[in-house]
Amino acid sequence: MTTPRLPIRVVALYRFTPFPDCEAIRGPLALACCSHGIKGTLLLAHEGINGTIAGDDAEIDHVLAHIRALPGCADIDVKESRAPAMPFHRMKVRIKREIVTMGEPAIDPLSGVGHYVEPQAWNALIDEPGTILIDTRNDYEVAVGSFSGAIDPRTRTFRDFPDWFRANRDTLLGDGAKPKVAMFCTGGIRCEKATAFLKAEGVEDVYHLKGGILAYLENVAPEASRWQGECFVFDERVTVTQGLAPGSHELCRACRTPIGEEQRASPLYAEGVSCPACHAARTDEQRAGYAERQRQTALAEARGFAHVGAVLPIRGDG
């Protein structure tokens, strides 16, 4: 029996390329997305474009054609998956200082990054004795899943990564033979800057997973996969699994933490109100406000509308 094709096409993309006039790009791009019923978030900066959008196949094609006509984007790589329903509530095209915020203005991925490693070759690299494997994502993402044996920097935002590396450099690299450093992130964009940063810090043998975890889960067979758990994504799917199928996690609307079955079984969990990660940090007054928001959201959904309280609160760096 053939599995029905999920109706919504989800496209994650990024490209580092100079955009001298982001405002001139933003208006036409927003119009192209909205006129074709596309939803999601696209970030523009002088260093390029980053984001995830979703919609019908033909409409996504129209918007991708528009994006590929932008300076330096003709051959932009995209990572595609499917969703049973629209994973975004609105379309946003924003101008930012960086398309992925590291806070190191001297770092330019266009001037030099680590060695790209295809998903099919990743296992061989991380299996090599002495290879240092670093997860460049934030703490709440790593908690959902990661590669076996990966170092978790326990960063709250990507801005924390440079300070973490500088503080732990001697412990990580030692004084002997120079090890290979392999890094990975969700879709590849954070590693563009992370590997460029390590090279600027004098680390020579730096590698990163091309296309990120999403490309790995799509292209590596489950029986060969070194991935453990699920992968956090910045949309209403919350997580994906092998083959980019929707995962089992939901998002706590009070603290924006991804929560699995174990957390949802806790007496501290109430849908839209609290979870084990945030219950002690919220007051009764705050939880009452969340409960009212959840009630309004449920009423809106029953009427076929998306209440503003249902909008996915994006955290992290995308």
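**Q** Mind laying out helix α6 (residues 189–200), listing which residues take part and the relevant values?
**A** Between its first and last C-alpha atoms α6 spans 17 Å; for 12 residues at 1.5 Å apiece the expected length is 16 Å, and the two agree. A large share of α6 lies buried, amounting to 10 of its 12 residues. Among all positions in α6, only Ile-189, Arg-190, Cys-191, Glu-192, Lys-193, Ala-194, Thr-195, Ala-196, Phe-197 and Leu-198 are buried. A positive phi of about 95 degrees marks Gly-202, the residue just after α6.

**Q** Just give me the short version of the pattern of salt bridges, but keep the residues and values in it.
**A** Oppositely charged side chains can pair when the atoms bearing their charge come close. Under the counting rule described, the total for this entry stands at 21 salt bridges. A salt bridge links Lys-193 to Glu-47, with the shortest nitrogen-to-oxygen separation between them at 3.0 Å. Of this pair, Lys-193 sits in helix α6 while Glu-47 sits in the loop between β2 (39–45) and β3 (48–55), placing them 146 residues apart in sequence. Each member of the pair Lys-193 and Glu-47 is classed as buried. Across the pair Asp-235 and Arg-237 runs a salt bridge, and its minimum N-O distance is 2.8 Å. Judged by relative accessible area, which is 2%, Asp-235 ranks as buried.

**Q** Report on the environment of Ile-25, specifying residues and quantitative values.
**A** Its place among the elements puts Ile-25 in helix α1 (residues 22–35). Taking the C-alpha atoms as reference points, Ile-25 and Thr-239, separated by 214 residues in sequence, lie 31 Å from one another. Setting aside anything within four residues of it in sequence, one finds Ile-25 in contact with Phe-19, Leu-44 and Leu-70.

Calculation notes
- Every chain's residues receive numbers from 1 upward, in the order its sequence appears when written.
- Only residues with pLDDT of at least 70 get local features here, since the model is predicted, and only at 80 or more are side-chain atom pairs given and counted; chain-wide, interface and lining totals rely on the full set of residues.
- In computing side-chain values, all of the structure's heavy atoms are included and hydrogens and water are not.
- Think of it this way: any DSSP run of H or I at least four residues long counts as a helix, any run of E at least two long counts as a strand, and we number them from the N terminus.
- Take the number of residues in a helix, subtract one, and multiply by 1.5 Å to get its expected span.
- Exposed residues in this analysis have more than 50% of their type's maximum accessible area, buried residues have under 20%, and partly exposed residues fall in between, with area computed by a 1.4 Å probe over protein chains only.
- Salt bridge, as used here, is a side-chain nitrogen of Lys or Arg placed within 4 Å of a carboxyl oxygen of Asp or Glu.
- Two residues qualify as a contact provided that any one of their heavy atoms is within 4.5 Å of a heavy atom in the partner residue.

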